[in-house]
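Fold and contact review
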Amino acid sequence: MIKAIFLFTAVCLCSAHPAIAEIGEILETGGQVQIRTAKAKKIVGEPGVVINAMDMVKVRKKSIAHFKMTDNSKFQIASSTTVVFDEFVFDEKKQRLTARILDGVLAFDGKKLKTDSQRKFVSGGYTLTVRGTKFAGSFGNTNKVFLLKGSINVSGGGSSVDLIGPMKSIKFDKSGIGVVERVEIDEIKNWFLEVGLDFK
């Protein structure tokens, strides 16, 4: 009887605390990168370190980190940037991503690989929903996004704007969402250079 109770308790505890899923890994870094896990454990971010769901990534000043996720999407996270991977699912049916950008600069390159695909980036009360997208942006008091491939929907504050097709940009902040603008490739390359990202 005691053994049965022990087994039941163990099963309940395992159900209440599911294993944290590995969602990607660090490919390369420059400078100081720190991973803060869901259990508040701090890990030095270096090549080969695994990223799990609910991890917070902090890239310090004059630093950069390159990540590859299990769905082959890639991140570049630039200096003074904090990102939380709230949700990531990639299996035979679904492709899901929800990442909170607390501040800073990043670039994302990821293809839609499942029919049921939903990938979102949340920052400052706005949500970017991406579809088969390659984009980069800076996030803080004023947010600016460059669309290089695919499409993005920016929504928040009761407004919603679509960016479709390459070489587009948009700004958004507490005052609302701006207008979609066409940009030249040289402007985007210069911006990548200024913020410390690699243009690929």
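Here's what I pulled together on the structure shown here. This one's a predicted model, so the numbers in the text were calculated from it and none came from an experiment. (Residues numbered from 1 in each chain as written. Predicted model: local features only at pLDDT ≥ 70, side-chain atom pairs only at ≥ 80, totals over all residues. Heavy atoms only, no water.)

Let's shift gears to the overall build of the chain. Across its full length, the chain carries two helices and 16 strands. The dimensions of the chain, computed from C-alpha atoms along their principal axes, are 70 × 35 × 30 Å. When each of the 200 residues of the chain is scored for burial, the buried share is 42%. In the chain, the share of contacts with a sequence separation of at least 24, taken over all contacts with a separation of at least 6, comes to 40%. In the structure as shown, the chain presents an accessible area of about 11200 Å², 54% of it carried by carbon and sulfur atoms. (Helix = DSSP H or I, 4+ residues; strand = E, 2+ residues; numbered from the N terminus. Buried < 20%, exposed > 50% of the residue type's maximum accessible area, 1.4 Å probe, protein only. Contact = heavy atoms within 4.5 Å. Areas by Shrake-Rupley, 256 points an atom, 1.4 Å probe, with all protein chains shown as cover.)

This part covers helix α2 (residues 185-195). For α2, the full list of buried residues reads I188, W191 and F192. For α2, the buried positions fall inside an angular range of 100° around the axis, keeping them on one side. In α2, the exposed residues that point more than 90 degrees away from the buried face are L193 and E194. Phi turns positive one or two residues past the end of α2, at G196, with a value near 85°. (Arc of directions from axis to C-beta.)

In this section: the nonpolar core. Within soluble globular proteins, side chains that are nonpolar generally end up buried alongside one another. F85, F121 and F135 are the most contacted members of the largest nonpolar core, which has 36 residues in total. Apart from residues no more than four positions distant in its own chain, F135 is found in contact with L106, A107, F108, F121, L128, V130, V145, F146, L147, L148 and I152. Within the second largest apolar cluster, 13 residues are counted, among which are A78, A107, A136 and V183. (Core = buried A, V, L, I, M, F, W, Y, C linked by side-chain atoms within 4.5 Å.)

Unlike most non-glycine residues, K62 shows phi in positive territory, near 55°. Turning to its location among the elements, K62 is positioned in the loop between β5 (56-59) and β6 (64-69). The exposure class of K62 is exposed, given its relative accessible area of 82%. In this structure, S80 takes a positive phi of about 55° despite not being glycine. With respect to the secondary-structure elements, S80 resides in the loop between β7 (74-77) and β8 (81-90). Using a relative accessible area of 36% as the deciding quantity, one classes S80 as partly exposed.

This brings us to the packing of aromatic side chains. This model, assessed by the stated rule, comprises eleven aromatic pairs. Residues W191 and F192 carry aromatic rings whose centres are separated by 5.6 Å and whose planes lie at 80° to one another, so their mutual orientation is edge-to-face. Of the two residues, W191 and F192, both sit in the buried class. For the ring pair F192 and F199, a centre distance of 5.2 Å and an interplane angle of 85° mean the geometry is edge-to-face. Residue F199 is classed as partly exposed on the basis of its relative accessible area, which comes to 33%. Members of the aromatic cluster, joined through ring pairs, are F67, F75, F85, F108, F121 and F135. (Phe/Tyr/Trp six-rings, centres within 6.5 Å; stacked < 30°, edge-to-face > 60°.)

Quick look at a negative patch on the surface now. A contiguous patch of negative charge on the surface is contributed by E181, E184, D186 and E187. Here E181 lies in strand β16 (residues 181-182). Here E181 falls in the partly exposed class, since its relative accessible area comes to 45%. (Patch = residues over 30% accessible without salt bridge, like charges linked within 9 Å, V, L, I, M, F, W, Y side chains within 5 Å. Salt bridge = Lys/Arg side-chain N within 4 Å of Asp/Glu carboxyl O. Lys, Arg positive; Asp, Glu negative; His and termini not counted. Charge placed at Lys NZ, Arg CZ, Asp CG, Glu CD.)

As far as function goes, none of this settles anything; it's purely spatial.
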